[in-house]
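Listed below are the residues making up each chain.
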Amino acid sequence: MNKERKQRRDKAKPSLGVALGGGGPMGGVYQIGALRALDEALEGLDLNDLDAYVGVNAGSFVAANLANQITPSQMCRIFVRNESDIHPFHPEVFYRPALLEYAARAKAIPKLLFDALSNVVKNPTDQTLLESLTVMAQAVPSGVFDNTGFHDYISRSYSSLGRTNDFARLRRKLLVIASDVESGETVRFGEDGLQHVPISKAIQSSMASPGLYVPVELNGHYYMDGTLNKGMHASVAVEAGCDIVFAVNPVVPVNVLSGDGSLRENIVGSGMPNVLSQSYRTMVHSRLNSGLKNLKREHPGSQVFLFEPSKSEASLFFSSVFSFNARKRVCEQAYQITRADLRVRAKEIEQALSPLGIRVRHDILNDEARSLSTGLYGETMPVYNAKVSSIGGKKRKSPKVTNYFEKLGDRVSSWF
């Protein structure tokens with residue numbers, strides 16, 4: 001942790017941080033709703049002025065927004081309610097087909113086929129033709145989509161007035177977690193030695209989920225989703241000097257056996273994407289719980305307040321990021337789930353935060369009629385200077401993916 005920042009803090013007071021997990025685009029929507037609930041229920045807490053921000057996958061984008069002084073309320077309006085006249089955001093930037101990767105793999109097919117046949121001719125007793133043809137697996141693309149469009153969007157957004165795409169220029173510490181594909185090591189963009197990487201490029205790397213996106217090349221290295229090693233990396237915030245960490249994890253496996261069991265066919269009976277998604281969520285959630293136990297043992301003085309949905313929240317699992325109504329519904333559910341959790345844990349949270357003068361707003365938490373929209377428009381929106389491209393004097397709309405790829409993106413949007 002930065003020495004100057006440490007000295008500015010009263011040593012008797014705990015330092016605060018946030019750690020946000022993955023979940024893909026819809027996971028980011030969930031995190032925004034959860035953060036909005038924390039923001040309004042904890043009086044005296046400024047989520048834009050914490051000591052450290054740690055994010056992986058979708059959480060890297062939300063954490064970077066907080067570090068860039070974009071409030072949870074503003075994020076709700078920009079990314080969930082789609083107030084595009086203020087800040088245009090189109091979910092299809094996540095699902096642009098990786099055409100260059102397709103072309104590169106297709107170009108490799110003749111040589112792979114020639115090598116396979118040559119191997120059979122030269123060594124007929126070593127492998128059968130079928131065994132030799134397994135080399136053709138190298139022709140399968142490394143990812144279905146290319147998330148460069150998302151990087152471009154973030155780069156434009158953070159280059160506007162009042163924002164920065166430079167880790168070193170942020171007021172508070174931001175750490176974006178990714179994985180080095182070739183070494184398997186965890187990489188913390190924003191640490192000393194890795195601050196030169198643009199924030200937008202770090203987020204693009206952290207968002208590159210395996211199989212879904214092609215690996216992101218940066219300075220001769222290839223990076224992918226940081227959840228490959230850990231589910232949330234709350235320990236990174238603790239190691240950065242935070243005593244109390246607010247953690248939001250949307251990646252929870254769904255339990256379709258609960259209730260009337262009517263959703264059972266939506267897992268095994270709906271093809272590969274949902275089976276892979278359930279498997280991925282089960283693995284990540286299990287490792288996250290193990291990691292938190294280790295964190296408690298290794299850093300007994302730290303506290304992590306984890307907020308996540310229950311396994312019975314099936315609608316979160318099957319929601320489409322392309323649907324405006326689905327984004328609003330997931331954000332509202334995250335808001336209400338977090339409010340309910342805060343009511344249960346209010347005493348514990350208030351006790352931990354009282355040295356900082358932060359108190360729980362019981363009047364807000366006990367307001368049964370309150371929704372995400374209540375009080376949402378009490379803040380002005382951030383100002384942006386983004387240029388509008390035009391052709392022939394007309395505004396150029398954001399490019400749309402084809403119906404096929406939009407449907408494919410819809411199918412795998414929860415595959416994180």
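The notes below deal with the structure included here. Here the structure is a predicted model, which is why all the values come from computation and not from measurement.

## So, the state of the cysteines
(1) Moving on: Evaluated as defined, the whole model comprises zero disulfides.
(2) Moving on: With no disulfide of its own, Cys331 lies 4.1 Å from the sulfur of Cys76, the closest cysteine sulfur.

## So, the pattern of salt bridges
(1) Moving on: Going through the model one piece at a time under the given rule, you end up with 13 salt bridges.
(2) Moving on: Residue Glu40 pairs with Arg36 through a salt bridge whose shortest N-O separation is 3.5 Å. With a gap of four residues between them, Glu40 and Arg36 both fall in helix α2 (residues 24-41), about one helical turn apart. A single burial state applies to Glu40 and to Arg36, both of which are buried.
(3) Moving on: With a closest N to O distance of 3.6 Å, Arg171 and Asp49 form a salt bridge. Note that Arg171 is positioned in the loop between α7 (148-158) and β6 (173-180) and Asp49 in the loop between β2 (42-43) and β3 (52-56), a separation of 122 residues in sequence.

## Observations concerning the sheet that holds strand β4 (residues 96-97)
(1) Moving on: Pairing in this open sheet of three strands is mixed, and the strands run β4-β5-β8 from one edge to the other. Two strands lie at the open edges of the sheet, namely β4 and β8 (211-213), each paired on one side alone.
(2) Moving on: Summarising the sheet, strand β5 (residues 143-146) and β8 pair through two bridges and their orientation is parallel. The partner of Phe145 across the bridge, within β8, is Tyr213.

## Side note on the packing of aromatic side chains
(1) Moving on: Applying the stated criterion to the full structure yields six aromatic pairs.
(2) Moving on: Centroid distance Phe61 to Phe79: 5.2 Å. Interplanar angle 70 degrees. Geometry classified as edge-to-face. You can see Phe61 sitting in helix α3 (residues 58-67) and its partner Phe79 sitting in helix α4 (residues 72-80), a full 18 residues away along the chain.
(3) Moving on: A residue is classified by how much of its surface remains accessible, and Phe79, at 6% relative accessible area, is buried.
(4) Moving on: Centroid distance Tyr95 to Phe145: 5.1 Å. Interplanar angle 70 degrees. Geometry classified as edge-to-face. In this pair, Tyr95 is assigned in the loop between α4 and β4 and Phe145 in strand β5, connecting sequence segments 50 residues apart. Here Tyr95 matches Phe145 in class, with each residue buried.
(5) Moving on: Each residue in the set Phe61, Phe79 and Phe150 is aromatic and connected to the rest through ring pairs, giving one cluster.
(6) Moving on: Against the face of Phe307 rests Arg345, its NZ or CZ located 4.9 Å from the ring centre.

## Considerations on a nonpolar patch on the surface
(1) Moving on: Judged by side-chain polarity, Leu113, Leu117 and Leu129 come together as a nonpolar surface patch covering roughly 240 Å² of accessible area.
(2) Moving on: Positionally, Leu113 belongs in helix α5 (residues 99-122).
(3) Moving on: Using a relative accessible area of 37% as the deciding quantity, one classes Leu113 as partly exposed.

## Quick word on the pairing of β6
(1) Moving on: Counting buried positions along β6 gives seven out of eight residues, so the element sits mostly inside the fold.
(2) Moving on: Of the pairings in the sheet, the one linking β3 to β6 comprises five bridges and is parallel in character. Each bridged residue has a counterpart across the sheet, and for Val54 the counterpart in β6 is Leu175.
(3) Moving on: Two elements, β6 and strand β7 (residues 186-189), share four bridges in a ladder whose sense is antiparallel. For Ile177, the partnering residue across the bridge sits in β7 and is Arg188.
(4) Moving on: Linking β6 to β7, which pair antiparallel, is a turn of five residues; within it Gly184 sits at a positive phi near 80 degrees.
(5) Moving on: Here β6 pairs with strand β10 (residues 221-225) via three bridges, running antiparallel. Across the sheet, Ser179 pairs through a bridge with Met224, a residue of β10.

## Some thoughts on the packing of α4 against helix α12 (residues 324-353)
(1) Moving on: Direction vectors running N to C along α4 and α12 enclose 155 degrees, while the axes themselves pass 10 Å from each other. What the angle tells us is that α4 and α12 run roughly antiparallel. Between α4 and α12, the contacting residues are Cys76, Phe79 and Val80 on the first element and Phe324, Arg327, Lys328 and Cys331 on the second.
(2) Moving on: Of the residues contributing to the contact of α4 with α12, the split by class is five nonpolar, no polar and two charged.

Parameters and conventions
Residues numbered from 1 in each chain as written. Predicted model: local features only at pLDDT ≥ 70, side-chain atom pairs only at ≥ 80, totals over all residues. Heavy atoms only, no water. Disulfide = S-S within 2.5 Å. Salt bridge = Lys/Arg side-chain N within 4 Å of Asp/Glu carboxyl O. Helix = DSSP H or I, 4+ residues; strand = E, 2+ residues; numbered from the N terminus. Buried < 20%, exposed > 50% of the residue type's maximum accessible area, 1.4 Å probe, protein only. Pairing = 2+ DSSP bridges. Phe/Tyr/Trp six-rings, centres within 6.5 Å; stacked < 30°, edge-to-face > 60°. Lys NZ or Arg CZ within 6 Å of the ring centre and 35° of its normal. Patch = residues over 30% accessible without salt bridge, like charges linked within 9 Å, V, L, I, M, F, W, Y side chains within 5 Å. Areas by Shrake-Rupley, 256 points an atom, 1.4 Å probe, with all protein chains shown as cover. Axes fitted to C-alpha atoms, helices over the stretch in contact; angles between N-to-C directions. Parallel < 35°, antiparallel > 145°, perpendicular 65-115°, else oblique. Contact = heavy atoms within 4.5 Å. Nonpolar A, V, L, I, M, F, W, Y, C, P; charged D, E, K, R; others polar.

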